[in-house]
Number of protein chains: 2
Amino acid sequence: MAEHSHDHAASGHDDAPDHDHGHDHTHDHGSAPAKLTRNQTLVYGALSRAGGPLTAYTILDQLRDDGFRAPLQVYRALEKLVEFGMVHRLESLNAFVACSHPQCVDHETMAFAICEACGSVSEFADAAITRQLKGWAGNNGFALAKTTIELRGTCRSCQAAV
Amino acid sequence: MAEHSHDHAASGHDDAPDHDHGHDHTHDHGSAPAKLTRNQTLVYGALSRAGGPLTAYTILDQLRDDGFRAPLQVYRALEKLVEFGMVHRLESLNAFVACSHPQCVDHETMAFAICEACGSVSEFADAAITRQLKGWAGNNGFALAKTTIELRGTCRSCQAAV
DNA sequence: TCAGAGTTGTAATGTTATAACAAGAATTGC
DNA sequence: GCAATTCTTGTTATAACATTACAACTCTGA
Ligand SMILES: [Zn+2]
Ligand SMILES: [Zn+2]
Ligand SMILES: [Zn+2]
Ligand SMILES: [Zn+2]
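Here is what the cut-offs are and how they apply
Residues numbered from 1 in each chain as written. Chains lettered and ligands numbered in written order. Predicted model: local features only at pLDDT ≥ 70, side-chain atom pairs only at ≥ 80, totals over all residues. Heavy atoms only, no water. pLDDT = per-residue confidence, 0-100. Helix = DSSP H or I, 4+ residues; strand = E, 2+ residues; numbered from the N terminus. Contact = heavy atoms within 4.5 Å. Pairing = 2+ DSSP bridges. Near = heavy atom within 4 Å. Polar contact = N/O pair within 3.5 Å; in protein donor to acceptor, adjacent residues only side chain to side chain. Nonpolar A, V, L, I, M, F, W, Y, C, P; charged D, E, K, R; others polar. Phe/Tyr/Trp six-rings, centres within 6.5 Å; stacked < 30°, edge-to-face > 60°. Buried < 20%, exposed > 50% of the residue type's maximum accessible area, 1.4 Å probe, protein only. Least-squares fit on C-alpha atoms with pLDDT ≥ 70 in both. Donors = N, O, S within 2.8 Å, 3.2 Å for Na, K, Ca; no water.

This next bit is on the confidence of the model for chain A. When pLDDT is low, close inspection of the predicted coordinates is not appropriate. Residue and element names in this part refer to chain A. Per-residue pLDDT for chain A averages 83, and the proportion of residues at 70 or more is 76%. Taking the mean pLDDT of every element in chain A, the minimum, 48, falls on strand E1 (residues 3–6) and the maximum, 98, on helix H2 (residues 56–62). Under a pLDDT of 50 for its full length, residues 5–28 has, in the predicted model, 38 contacts with residues more than four places off or in other chains.

What follows is the structure in structure tokens.
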């Protein structure tokens with residue numbers, strides 16, 4: 001059960017997220033790009049700095065100074081980044097978050113725990129759940145393309161802070 | 001592993017979905033209403049007839065003749081129906097579907113398999129997955145409020161039809 | 001240099017969801 | 001019955017999220 005959390009509130013965002021991103025990756029979803037385009041780099045940078053989920057329009061606002069003018073610039077970059085497996089879309093939030101894998105796990109069946117108090121997101125993988133879902137799909141002749149698993153609730157530190 | 005599918009395309013929708021809905025239920029999510037309001041009845045009827053997911057605006061269009069004029073009329077009814085456990089929201093589709101439980105299962109951790117070819121949705125519960133998610137939540141001090149599990153892919157019959 | 005592919009810019013539009021406020025029904029207590 | 005209260009509804013306007021369509025630019029490989 002791999003786990004890692006990006007904590008939204010926490011972590012003074014160090015600038016200069018390593019954009020061009022070595023990409024020794026050999027496993028990525030789609031193609032692993034040798035290098036990101038300018039817009040992709042900027043969008044990925046915004047998500048990395050944030051350390052938590054952002055909506056496309058929030059990203060747009062953050063990139064005005066970099067010349068971004070229209071939502072499509074953001075959505076196009078996000079589409080690619082998701083394809084590359086570097087960013088996940090959170091369906092229940094209509095938002096996007098940089099992937100937080102320690103090092104390149106499965107990446108097909110990630111789960112996300114979203115705190116409704118502070119907005120932090122924890123990404124984790126659970127082999128048993130993956131196995132179970134694939135099992136259901138197999139038993140029901142369902143060709144599984146993608147799974148969405150999102151937990152809503154209150155994280156430990158927000159519960160502590162009564 | 002309870003399962004039941006509403007098949008969108010299939011099933012000639014018999015009219016007159018039993019609206020007022022006996023409601024012997026004793027387990028529902030929020031309160032179990034003795035009787036639905038007019039708008040709730042109409043919205044639930046539309047979803048039942050459809051036998052598959054509908055967006056709020058599609059429902060609105062279908063209920064023009066019944067006097068519906070504004071999205072809020074639909075959203076308000078949906079909010080209650082979801083609260084009652086009679087309707088589920090599909091996050092990855094921004095749509096709503098009538099619950100298809102054979103008879104009142106857990107209802108807290110349902111999963112949905114959505115066919116991207118025909119739009120059909122199968123709702124199922126899997127105890128192992130539920131256990132696993134609650135386990136993660138317990139281990140991580142996460143107070144679980146709601147879970148979303150949605151599978152995207154191609155259903156058996158759409159695969160058959162090459 | 002040229003053709004083709006991929007990326008970008010921009011405007012317009014489409015789709016999904018909520019805020020704010022007034023008015024109408026149903027319920028409760030008297 | 002008849003307030004007082006609460007819930008439900010109607011309506012307008014607006015916010016938030018996402019895509020279509022088209023033209024221009026850039027990069028790559030003949
Ligand atoms: Zn990830
Ligand atoms: Zn929190
Ligand atoms: Zn259900
Ligand atoms: Zn299908």
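Bridge analysis of strand E6 (residues 143–154) of chain A against strand E6 (residues 143–154) of chain B gives 11 bridges, and the strand direction is antiparallel. Each residue of the ladder has a partner; that of threonine 154 of chain A, found in E6 of chain B, is alanine 143 of chain B.

Let us now look at the protein's contact with DNA strand D. Around DNA strand D sit 15 residues, and of these Tyr57, Leu72 and Arg89 of chain A together with Gln73 and Arg76 of chain B come closest. For DNA strand D, the fraction of protein-proximal atoms (within 4 Å) that sit in sugar or phosphate groups is 43%. Between a phosphate oxygen of DNA strand D and a side-chain N or O atom of arginine 89 of chain A, the distance comes to 2.3 Å. Within the contact set of DNA strand D, a base nitrogen lies 2.4 Å away from a side-chain nitrogen or oxygen of arginine 76 of chain B. Of all the elements in the fold, those that place two or more residues in the surface near DNA strand D are helix H3 (71–84) of chain A together with helix H1 (38–50) and helix H3 (71–84) of chain B. Looking at side-chain class alone, the surface near DNA strand D contains 5 nonpolar, 5 polar and 5 charged residues.

This brings us to the packing of aromatic side chains. Overall, the coordinates contain 6 aromatic pairs over all chains when judged by the stated rule. With a centroid separation of 6.4 Å and 70° between ring planes, the pair formed by tyrosine 57 of chain A and tyrosine 75 of chain A is classed as edge-to-face. Residue tyrosine 57 of chain A is found in helix H2, and its partner tyrosine 75 of chain A is found in helix H3; the two are separated by 18 residues along the sequence. Classification of tyrosine 75 of chain A as partly exposed rests on a relative accessible area of 36%. Among the aromatic residues, those joined into a cluster by ring pairs are Phe124 of chain A together with Trp136 and Phe142 of chain B.

The next subject is the protein's contact with DNA strand C. Around DNA strand C, the surrounding shell holds 15 residues, and the nearest of these are Gln73 and Arg76 of chain A together with Tyr57, Tyr75 and Arg89 of chain B. Counting only atoms of DNA strand C within 4 Å of the protein, the fraction found in sugar and phosphate groups is 44%. Within the side chain of threonine 37 of chain A, a nitrogen or oxygen atom sits 3.0 Å from a phosphate oxygen of DNA strand C. Within the side chain of arginine 89 of chain B, one N or O atom sits 2.3 Å away from a phosphate oxygen of DNA strand C. Residue assignment for the surface near DNA strand C shows that the elements contributing at least two residues are helix H1 (38–50) and H3 of chain A together with H3 of chain B. Per element, the largest residue contribution to the surface near DNA strand C is 4 residues, and it comes from H3 of chain A. Counted by class, the surface near DNA strand C contains 5 nonpolar, 5 polar and 5 charged residues.

Here the focus is the relation of the copies chain A and chain B. Structural alignment of chain A on chain B gives an RMSD of 0.0 Å, achieved by rotating through 180° and translating 0.0 Å along the axis. The relationship between the two copies is best expressed as a two-fold rotation axis. In terms of proximity to the rotation axis, the leading residue of chain A is isoleucine 149 of chain A, whose C-alpha is 2.3 Å off the axis. An overlap of 100% is found between the interface residues of chain A and their copies at the interface of chain B, pointing to a shared contact surface.

Our next topic: the coordination of the zinc ion (ligand 3). All names here are of chain B. For the zinc ion (ligand 3), the full set of protein donor atoms is His88 (NE2), Cys99 (SG) and Glu123 (OE), at a range of 1.9 to 2.2 Å. Of note, the zinc ion (ligand 3) draws all its donor residues from one chain, in the sequence arrangement H-x10-C-x23-E. Taken as a pair, histidine 88 in strand E2 (residues 87–90) and cysteine 99 in the loop between strand E3 (95–98) and strand E4 (110–115) lie far apart in primary sequence, 11 residues in all. Here histidine 88 and cysteine 99 have matching classes, each one buried.

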